[in-house]
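# Structural description and commentary
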Amino acid sequence: LEKMTDLVAVWEVALSDGVHKIEFEHGTTSGKRVVYVDGKEEIRKEWMFKLVGKETFTVGAAKTKATINIDAVSGFAYEYTLEINGKSLKKYMENRSKTTNTWVLSLGGMDYRVVLEKDTMDVWCNGQKMETAGEFVEDGTETHFGVGGHSCCIKAVSSGKRKEGIVHTLIVDDREIPEAVE
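All chains use their own residue numbering, which begins from 1 and follows the written sequence. The model is predicted, so local features are restricted to residues of pLDDT at least 70 and side-chain atom pairs to those at 80 or more, both for listing and for counting; the totals for chains, interfaces and linings are taken over all residues. Note: side-chain values were computed over all heavy atoms of the structure, leaving out hydrogens and water.

## Notes on the pairing of strand β16 (residues 166–172)
Using the following cut-off: Only protein chains enter the accessibility calculation, which uses a 1.4 Å probe; a residue whose area is less than 20% of its type maximum is buried, one above 50% is exposed, and one in between is partly exposed. The secondary structure listing takes helices from DSSP runs of H or I that are at least 4 residues long and strands from runs of E that are at least 2 residues long, numbered from the N terminus. Pairing between strands is defined by DSSP: at least two bridges between the two strands are required.
When you tally the buried positions in β16, you get five out of seven residues, the bulk of the element. Pairing of strand β15 (residues 150–158) with β16 involves seven bridges; the strand directions are antiparallel. Across the sheet, residue Ile 154 finds its bridge partner in β16, namely Leu 170. Here β16 folds back onto strand β17 (residues 175–177) in antiparallel fashion, the turn holding two residues, of which Asp 173 has a positive phi close to 50°.

Shown next, in the form of structure tokens:
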């Protein structure tokens, strides 16, 4: 395995199907550009004449668009920025925290990362989109699914406050799971 000697940037991107690691190699003498997603080589370009520019690729099960921008800062210094779906990583993650809920829990010695996409009500667990059953209840809705032989339910209840909107709670085996901050 060739050593990543020209590694200039590493990003962690939390998507519904998991947290993905993006690594970028930039050989400023050869112009080489290599993009790795979760350790797998996605793009390799040798001997690029232009040292600045961009590389676009996809990340995760939903094939989310990602772009690495290479900009000259001064002299021989370069700046590398990652965009997800056309937004800076920071903006994308801020927006994601509004459109998704994430819970991390351990069941029977296994770690699980459960993500609710609020716009579609899709539930993901460790990279898999889950089969769910939704039902209306007195104070809102419940989305039922199973994880590792445990019964899970995401309750959606109005907060009664317009700014907060709907509050989503994950309940596993009658235990409330605190939301994770990613």
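Read on for the rest.
## Overview of helix α1 (residues 89–99)
This is how it is decided: Arc definition: directions from the helix axis to the C-beta atoms.
Taken as a whole, α1 has its buried residues at Leu 89, Tyr 92 and Arg 96. Around the axis of α1, the buried residues are gathered within 60° of arc, so they sit on the same side. Away from its buried face by more than 90 degrees, α1 exposes Lys 90, Lys 91 and Lys 98.

## Some details on the environment of Gly 27
This is how it is decided: Contacts: residue pairs with any heavy atoms within 4.5 Å of one another.
Mapped onto the secondary structure, Gly 27 falls in the loop between β2 (18–26) and β3 (33–37). Gly 27 sits in the buried class, given a relative accessible area of 0%. Not counting the four nearest positions on each side in its chain, Gly 27 is found in contact with Asp 6, Lys 32 and Leu 51.

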